[in-house]
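Each chain, written out:
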Amino acid sequence: FLQAVDTWLGVLLPKIKPRLYHNGGNIISVQVENEYGSYYACDYDYLRHLLPVFRAHLGKEVLLFTTDGLKDPGLRCGTIQGLYATVDFGPGVNMTQAFELQRLYEPKGPLVNSEYYTGWLDYWGEPHSTSSAEEVAQGLQKMLEMGANVNMYMFQGGTNFGYWSGADYKEIFNPITTSYDYDAPLSEAGDPTAKVYAIRTVIGKFQALPAGPMPPPTPKFAYGYVSLPQRVSLLDILGLLSPVQPIRTPFPLTFEAVSQAHGFILYRTLLPHDILEPALLSVPNNGVHDLAYILLNGRYKGTLERDRESGVKMTGQAGDVLDLLVENMGRINFGANASDFKGLIHNVTLDSTTLRDWLIYPLDIDSAVAHAWPPVAPTGREITGPAFYTGTFKTPGINWDSYVKLPGWTKGQLWINGFNLGRFWPARGSQQTLFVPGPLLNSSAPNVITVLELQAAPEDPVVLFLDRPLFNRTQSSSAKDTE
C-alpha cells in the first residue's frame, strides 16, 4: 500500500509545488490526511511515513495539516507533531467546544474548520439531503465572530459522472447517487442558491464584498421528449463490448484479479444438470459486489444485490447458458472496510451445487459507445434484461444546460454523444434526473443518446429533457418532486 501511495505522491506533489503560495501560486496549505483518526488502527507510523514524503516533494515552507472530527479518537489518532491539526463540523454544534478541542492539540495558531458542512450527500433509496440557508449562515457568522478560518464543504455541488460515485458502509453497503448537488451554496449546475446569498451577507459583515452583481444562473432548456427506437441486447453485442478472448477459470475471479477498475463484468457458465424444481441461485456470504443481473439462455431472471437480495429461484436444463452481469456500484470511501473487492467474491451455488468452469468477459462499454455506435446488430423487442436503446435529437441551435428524466425506466447508465453521464435509478430514487452540461451538446448536429437499461425498459422508450432537476422521490416516499 505504501509503495502505491509513494508512487502516486511522486506524481501529484511535484505538480503542486510550483503552485504553492510562496512560489507565486495560490495554494496556502496542503492537507496530508483526512479524518484518519476515525480509522480503527490509530496508526501513527503511517502518518510518520507521509510527513517526510510531503516535505521532500514540497519543501519546508509550506504548511501541512490534517483534519478530524470532534469525536474521540479523532484528533488523538489523526495527527502528529509537524502536521497542523484542524477540525471539521457542520452547523448546529457547540462551536466554542469544537474549537476548544482543537486548542488541546494546537494551543497556538489559527482556529480552522477545514470542512464546514453546507449540506450532505445522497444515497440511492434515501430522501434528498437538505439544510437551511439560515442555519448554515448563522453557523458561519459564529465562527467568523470567533476569528476562525472556514473552508466550506461543499461550496459548489458536482456530479459523479461515469462510474465515479462512491459508497459508504453503515451496517449495509450504501452507494452514493450520481448527483453530488449536496444542497450546496452553488448547485450541481454551478448556479447561486438562497444559501450563497445568505453566506454572502454574513461575509459582508466582516469584509468588503466584491463590487458588482452576483453572476446569474446559467441558462437551462427543456429540450422535451426524445424517442430511443433502436434496441440491441447486451448479449448480442458481447464481442463488441469485450473484444478480447474471455478468461477461462474454474471459479469466478474478482474485478481486481482481471484488472477491471469499474463498470461491468459478465460471468458465464453452463448449468451442470437438469433443474426440474425451482432451485436457489445464490452467492453465499454476501458474495455479490455489488449487483448481479441474472440471465438464463438470454432471458432475464432477476437480480442479486449486496446486503439486500441474496437469491433467485430458477429451473433449467443441463447445458443452458447462465450469465451473471455484475455491476460495481462504487468503492467504499470511508471507514475501516476498505478492502472492497468487486465482482463475484465467493463461489456461485445452485441449491447445494457449486457452479464451476466460468468464462469471464470484462466489458469496456464506454469505448464501444464512444467509437463504434450504434452497433450493427438485430433489433430486439424484449423490454426486460440488459439492453441498449439509442436515439437522436437536435437542439434549436443552442447548447444550454439541461436535465434528463427517464420516465418508466428502471436502472442503468446514460451516454450523450459518447459521454457517460452516470447511473440512473429512478425506481429506487431519490434522484430522478441526470445533469446534462451544455458543452456536451451539439447545437448544429444531431445529438446521440444511448441508454443501457439493466432490468426493465418502458414499452415506449423515451427520455425527457427538463430545465430543472428532480431530486426527491423514492419508491417508499410519496413526497413531491423537489428541485
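Preceding this section is the structure that the text describes.
Here we summarise the structure given alongside this text.

Parameters and conventions
Residues numbered from 1 in each chain as written. Predicted model: local features only at pLDDT ≥ 70, side-chain atom pairs only at ≥ 80, totals over all residues. Heavy atoms only, no water. Pairing = 2+ DSSP bridges. Helix = DSSP H or I, 4+ residues; strand = E, 2+ residues; numbered from the N terminus. Core = buried A, V, L, I, M, F, W, Y, C linked by side-chain atoms within 4.5 Å. Buried < 20%, exposed > 50% of the residue type's maximum accessible area, 1.4 Å probe, protein only. Contact = heavy atoms within 4.5 Å. Axes fitted to C-alpha atoms, helices over the stretch in contact; angles between N-to-C directions. Arc of directions from axis to C-beta. Phe/Tyr/Trp six-rings, centres within 6.5 Å; stacked < 30°, edge-to-face > 60°. Lys NZ or Arg CZ within 6 Å of the ring centre and 35° of its normal. Parallel < 35°, antiparallel > 145°, perpendicular 65-115°, else oblique. Left-handed = near helix turned anticlockwise from the far one by under 90°. Nonpolar A, V, L, I, M, F, W, Y, C, P; charged D, E, K, R; others polar.

Attention shifts here to the sheet that holds strand 14 (residues 275-282). Adjacent strands of a sheet form backbone hydrogen bonds with each other and so pair up, either parallel or antiparallel. Overall, antiparallel pairing links the 4 strands, which are arranged 18-14-21-22 in an open sheet. In the strand order of this sheet, the two ends are held by strand 18 (311-316) and strand 22 (353-354), each with one partner. Note: strand 14 against strand 21 (residues 349-350), 2 bridges, orientation antiparallel. When the bridges of strand 21 are listed, leucine 281 appears paired with leucine 350.

Let us look at the nonpolar core. Considering soluble globular proteins, one finds that nonpolar side chains tend to be buried as a cluster. With 30 residues, the main nonpolar core has Leu363, Ile365 and Phe388 as its most contacted residues. At the level of secondary structure, the elements contributing two or more residues to this core comprise helix 7 (238-241), strand 13 (264-270), strand 16 (291-296), strand 23 (358-362) and helix 8 (365-371). Discounting chain neighbours no more than four positions away, the residues touching isoleucine 365 are Tyr163, Leu241, Phe264, Phe388, Trp415 and Leu452. If you look at the next biggest cluster of nonpolar residues, it comprises 25 residues, including Leu271, Leu350, Leu355 and Ile360.

Turning our eyes to something else, we now look at the sheet that holds strand 31 (residues 462-466). Read from one edge to the other, the open sheet built from 4 strands follows the order 10-31-25-29, with strand pairing classed as antiparallel. Pairing within the sheet leaves two strands with one partner each, and these edge strands are strand 10 (224-227) and strand 29 (433-436). The sheet shows a mean angle of 30° between the axes of neighbouring strands, taken without regard to direction. Pairing analysis gives 3 bridges linking strand 25 (residues 402-405) to strand 31, with the strands arranged antiparallel.

Glancing now at helix 6 (residues 194-204). Turning to helix 6, its buried residues are Lys195, Val196, Ile199 and Val202. The arc that holds every buried residue of helix 6, seen down its axis, measures 120°, which confines them to one face. Exposed positions of helix 6 whose direction lies more than 90 degrees from the buried face are Ala194 and Thr201. Contacts from the buried residues of helix 6 go to helix 5 (133-145) and strand 5 (149-153).

Here we come to the packing of aromatic side chains. All chains considered together, the criterion is met by 22 aromatic pairs. Plain terms: the ring middles of phenylalanine 161 and phenylalanine 419 are 5.1 Å apart, the flat faces sit at 75° to each other, and that makes the pair edge-to-face. A residue pair is termed long-range when its members are at least 10 positions apart, and phenylalanine 161 in the loop between strand 6 (158-159) and strand 7 (167-170) and phenylalanine 419 in strand 27 (residues 419-424) qualify at 258 residues. An aromatic cluster is built from Phe1, Tyr36, Tyr39, Tyr40 and Tyr46, whose rings are joined through pairwise contacts. When the ring centre of tryptophan 425 is taken as reference, the NZ or CZ atom of lysine 411 above it lies at 4.7 Å.

For the rest of this paragraph, the subject is the packing of helix 5 against helix 6. As a packed pair, helix 5 and helix 6 sit with axes 9 Å apart at the nearest point and diverge in direction by 25°. Judged by the angle between their axes, helix 5 and helix 6 are roughly parallel. The element helix 5 and its partner helix 6 pack so that their crossing is right-handed. On the side of helix 5, the interface is formed by Ala133, Val136, Ala137, Leu140, Gln141 and Leu144, while helix 6 contributes Ala194, Lys195, Ala198, Ile199, Val202 and Ile203. Of the residues in the contact of helix 5 with helix 6, the class split is 10 nonpolar, 1 polar and 1 charged.

Following aspartate 72, the chain continues to proline 73 via a peptide bond in cis, the omega torsion being 10°. Relative to the elements of secondary structure, proline 73 occurs in the loop between strand 2 (63-68) and helix 3 (74-78). With an omega dihedral of 0°, the bond running from glycine 429 to serine 430 counts as a cis peptide bond. As for its placement among the helices and strands, serine 430 is situated in strand 28 (residues 429-430). For aspartate 183, which is not glycine, the phi torsion reads 55° and is therefore positive. Secondary-structure assignment places aspartate 183 in the loop between strand 9 (179-180) and helix 6. Although it is not a glycine, serine 259 adopts a positive phi angle of roughly 60°. Of note, serine 259 is situated in the loop between strand 12 (247-249) and strand 13.

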